[in-house]
Amino acid sequence: MTTHQTAMIMMGLAVVLALAHVLGRLARRCGQPAVLGEILAGILLGPTLFHGALSDAVFPTDVRPMLSTLGNLGVALFMFLVGLELDHRLLRGNKRAAVGVSVGSIVCSFGLGAALAVWLWNAHPVGDRLAFVLFLGAAMSITAFPVLARILTDLGIQHTRVGALAMASAAAGDVVAWLLLAAVLTFTGSRSSWQVLLILPYAVVMIAVVRPLLGRFLAAREQGGAQAGEHGPGAGPLGVLTVLLLVSGALSEWFGLHFIFGAFLAGAIVPRQGTERLRAAVADRFEPVTWMLLPAYFTVAGLKVDLSTVDTDRLGELGLILLVAIGGKFGGAYLGARATGRPGPSATTLGILMNTRGLTELVILGVGLQLGLLDADLYSLMVVMALVTTAMTAPLMRWAYPREMVDADLREPAAGGGGGGARPPPPPPPGGGPGGGPPGAPPPRPAPAPESP
């Protein structure tokens with residue numbers, strides 16, 4: 001790296017952080033998640049304004065790969081923290097409903113997306129036609145799991161039955177959607193079939209072998225640190241967890257599942273019992289780094305979006321894309337929830353939440369653009385769809401799931417009737433990022449709930 005490249009990457013990152021901070025705070029003032037403002041910051045820094053003159057000046061071509069690397073590290077850290085804070089106890093009693101919602105939303109979204117792709121092929125004939133149809137169906141099936149986690153935290157409903165069910169459904173649905181993407185990559189020759197077959201053994205080893213070994217190691221360090229009066233996680237646990245998330249992310253990327261799910265799985269397998277202090281300290285170390293690096297990912301995505309070329313014909317395509325995206329997700333999730341016995345208001349809420357796309361949609365769209373399965377115009381329209389479906393979530397949630405319903409759900413016993421007692425409603429987050437942190441920060445950690453007997 002030359003001196004000029006070093007100076008430009010530092011200056012570019014400073015511009016990214018400043019603009020993401022300003023637009024993130026503005027988004028929160030408008031009742032939207034900060035991530036929406038951060039994505040918009042990336043688009044504004046791209047070729048949409050001034051025909052790319054701003055992006056070329058701030059982000060020369062030779063520094064963009066380095067900026068992309070920083071952004072990918074930020075996404076990996078964020079997904080690790082989401083997995084680390086996943087409360088498995090909230091999913092008790094919700095498995096049947098989660099399967100119904102995720103399957104319903106994926107089947108409807110994939111089917112409608114594939115049908116739309118057949119029509120769009122005439123205007124965007126890129127790559128192989130079957131691969132294009134399968135890819136667009138998979139892209140329509142995505143729910144942005146990390147963005148959904150932030151919206152639930154912003155609305156204070158992460159501890160309700162609906163919030164837990166939405167998280168479980170989004171997690172299951174996204175895994176299936178990424179498996180569909182892996183199948184598309186295999187079909188196009190981007191991944192060999194034997195690599196994809198290693199996904200299942202990898203997950204089994206992580207859960208059945210790595211998790212218990214990690215639990216014993218962290219529990220021993222937790223007990224030793226408490227007896228010694230240590231306040232931080234120490235170099236040992238921090239280093240082990242960092243290596244774990246990087247290796248897991250690298251393996252899942254190599255298998256064709258994308259590194260964000262490897263990072264998420266690395267956080268999700270960290271045992272909750274006996275590691276409370278260490279997990280809190282580790283998250284405190286990672287959160288500031290995540291806040292610094294995550295906006296870089298949005299910027300890299302925004303550098304590929306050019307909305308200045310959208311004309312009347314493209315607006316018609318955008319309307320159809322939005323209709324299919326919203327209708328497929330909402331209709332499928334609603335029908336799946338009703339089929340598993342959820343009441344109408346709960347099913348409506350789940351349909352709204354499953355339409356959240358944002359970050360994860362940008363990841364899968366970037367993969368499609370890189371592999372030549374999307375052209376620049378269709379990529380831009382799909383990014384707009386991701387922004388619209390994410391922006392509409394919070395306002396619709398306030399209508400479909402008002403505060404009195406939230407308070408009533410929070411007073412119910414923990415999911416599954418495991419004896420966890422009533423959950424007091426969390427205090428509303430102060431200004432700044434989600435839960436009081438800076439814009440771009442991960443969701444705040446809830447206080448650990450008592451284990452069920």
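As a convention, each chain's residues are numbered from 1 in the sequence order in which they are written. This being a predicted model, a pLDDT of at least 70 is required before a residue's local features are given, and a value of 80 or more before pairs of side-chain atoms are given or counted; all residues contribute to the totals for chains, interfaces and linings. Side-chain calculation: all heavy atoms of the structure are included, whereas hydrogens and water are not.

> Looking at this model, I keep getting lost on the nonpolar core. Mind explaining?
The nonpolar side chains of soluble globular proteins are, as a tendency, buried together. In terms of nonpolar packing, the biggest core is built from 111 residues, with Phe 80, Phe 132, Trp 178, Ile 321 and Met 382 touching the most fellow members. A run of H or I in DSSP becomes a helix once it reaches four residues, and a run of E becomes a strand once it reaches two; helices and strands are each numbered from the N terminus. Here the element with the most residues in this core is helix α8 (residues 161–187); it accounts for eleven residues. Whether two residues touch is decided by their heavy atoms; if any such pair falls within 4.5 Å, the residues are in contact. Among all residues touching Met 382, those that are not within four sequence positions of it are Leu 136, Ala 139, Met 140, Ile 321, Glu 361 and Leu 365. Among buried residues, the Ala, Val, Leu, Ile, Met, Phe, Trp, Tyr and Cys ones that are joined through side-chain atoms within 4.5 Å form a nonpolar core. Per-residue accessibility, obtained with a 1.4 Å probe over protein chains only, is compared with the maximum for each type, and a residue is labelled buried under 20%, exposed over 50%, and partly exposed between these values.

> Please clarify how the side chain of Arg 314 should be interpreted in this entry.
By the element assignment, Arg 314 lies in helix α14 (residues 312–339). On the accessibility criterion, Arg 314 (18% relative accessible area) is buried. Aside from chain neighbours lying at most four places away, what touches Arg 314 is His 124, Thr 309, Asp 377 and Leu 381.

> How do you make sense of helix α15 (residues 344–353) when you look at a structure like this?
Each turn of an α-helix holds 3.6 residues, which means side chains three or four residues apart point in the same direction. Burial within α15 is extensive, with nine of its ten residues counted as buried. Regarding α15, the residues found buried are Gly 344, Ser 346, Ala 347, Thr 348, Thr 349, Leu 350, Gly 351, Ile 352 and Leu 353.

> So what exactly am I meant to see when it comes to the packing of aromatic side chains here?
Pairs of aromatic rings are described using the distance from one ring centre to the other and the angle between the two planes. Pairing of aromatic rings covers Phe, Tyr and the six-membered ring of Trp, with a centre-to-centre limit of 6.5 Å; geometry is then stacked below 30 degrees between planes, edge-to-face above 60, and tilted otherwise. With the rule as written, the count across this model stands at five aromatic pairs. Each ring, one from Phe 80 and one from Phe 286, has its centre 5.7 Å from the other, and the planes form 70°; the classification is edge-to-face. Residue Phe 80 is located in helix α4 (residues 64–84), and its partner Phe 286 is located in helix α13 (residues 276–302); the two are separated by 206 residues in the primary sequence. No difference in accessibility class separates Phe 80 from Phe 286, as the two residues are buried. One aromatic cluster is present, formed by Tyr 202, Trp 254 and Phe 255 through successive ring pairs.

> I would appreciate a short explanation of the environment of Met 11 in the present structure.
Following the sequence through the fold, Met 11 ends up in helix α1 (residues 3–29). Along the primary structure Met 11 and Val 58 are separated by 47 residues, whereas in three dimensions their C-alpha atoms are 7.6 Å apart.

> How do you make sense of the pattern of salt bridges when you look at a structure like this?
Note that side chains of opposite charge can pair when their charged atoms are close. By convention in these notes, a salt bridge is any Lys or Arg side-chain nitrogen within 4 Å of a carboxyl oxygen on Asp or Glu. Enumeration according to the criterion identifies two salt bridges in this entry. The salt bridge partner of Glu 317 is Arg 314, with a shortest N-O separation of 3.4 Å. In this pair, Glu 317 and Arg 314 both sit in helix α14, three residues apart, roughly one turn of the helix. Taken as a pair, Glu 317 and Arg 314 share a single burial class, namely buried. The shortest N-O distance in the salt bridge between Arg 314 and Asp 377 comes to 3.5 Å. Taken as a pair, Arg 314 in helix α14 and Asp 377 in helix α17 (residues 376–391) lie far apart in primary sequence, 63 residues in all. For Asp 377, a relative accessible area of 28% corresponds to the partly exposed category. Taken together, the shared-partner salt bridges connect Arg 314, Glu 317 and Asp 377 into one network.

> Can you help me understand the packing of helix α2 (residues 34–44) against α13 in this one?
Working note: a packed helix pair is described by the angle between its axes plus the distance between those axes. Here an axis means a line fitted to C-alpha atoms, over the contact stretch when the element is a helix, while the angle between two N-to-C directions is reported on a 0 to 180 degree scale. For the pair α2 and α13, interaxial distance at closest approach is 7 Å and the crossing angle is 45°. Looking at the two axes, α2 sits oblique to α13. When the axes of α2 and α13 are compared, the crossing they make is right-handed. In contact with Val 35, Glu 38, Ile 39, Gly 42 and Ile 43 of α2, α13 contributes Phe 298, Thr 299 and Gly 302. Put simply, angles under 35 degrees are roughly parallel, angles over 145 are roughly antiparallel, angles from 65 to 115 are roughly perpendicular, and the rest are oblique. Crossings are assigned a handedness: left-handed for a near helix turned anticlockwise from the far helix by less than a right angle, right-handed for a clockwise turn.

> I keep staring at the packing of α1 against α2 and nothing clicks. Help me out?
α2 packs onto α1 with a crossing angle of 135° between their chain directions and a minimal axis gap of 7 Å. Overall, the two elements α1 and α2 adopt an arrangement that is oblique. As for the relative orientation of α1 and α2, their crossing is right-handed in sense. Across the interface between the two elements, Leu 19, Ala 20, Leu 23, Gly 24, Ala 27 and Arg 28 of α1 pack against Ala 34, Gly 37, Glu 38, Leu 40, Ala 41 and Leu 44 of α2. Only Asp, Glu, Lys and Arg are considered charged, only Ala, Val, Leu, Ile, Met, Phe, Trp, Tyr, Cys and Pro nonpolar, and every remaining residue, Gly among them, polar. Residues belonging to the contact of α1 with α2 are distributed by class as follows: eight nonpolar, two polar and two charged.

> Explanation requested: helix α18 (residues 393–400) in the structure shown.
Taken residue by residue, α18 has Thr 393, Ala 394, Met 397 and Ala 400 as its buried positions. Looking down the long axis of α18, one finds its buried residues gathered within 130° of arc, a one-sided arrangement. To obtain the arc, one takes the directions from the helix axis to the C-beta atoms.

> What is the right way to look at the confidence of the model for the protein in this model?
Keep in mind that low pLDDT regions are not for reading the predicted coordinates in detail. As a per-residue measure, pLDDT reflects the predictor's confidence and takes values from 0 up to 100. Here the protein averages 78 in pLDDT, while 83% of its residues score no lower than 70. By mean pLDDT, helix α9 (residues 193–196) is the weakest element of the protein at 68, and α14 is the strongest at 90. Low confidence marks residues 413–453, where pLDDT is under 50. Its contacts with residues over four positions away, or in another chain, come to 99 contacts.

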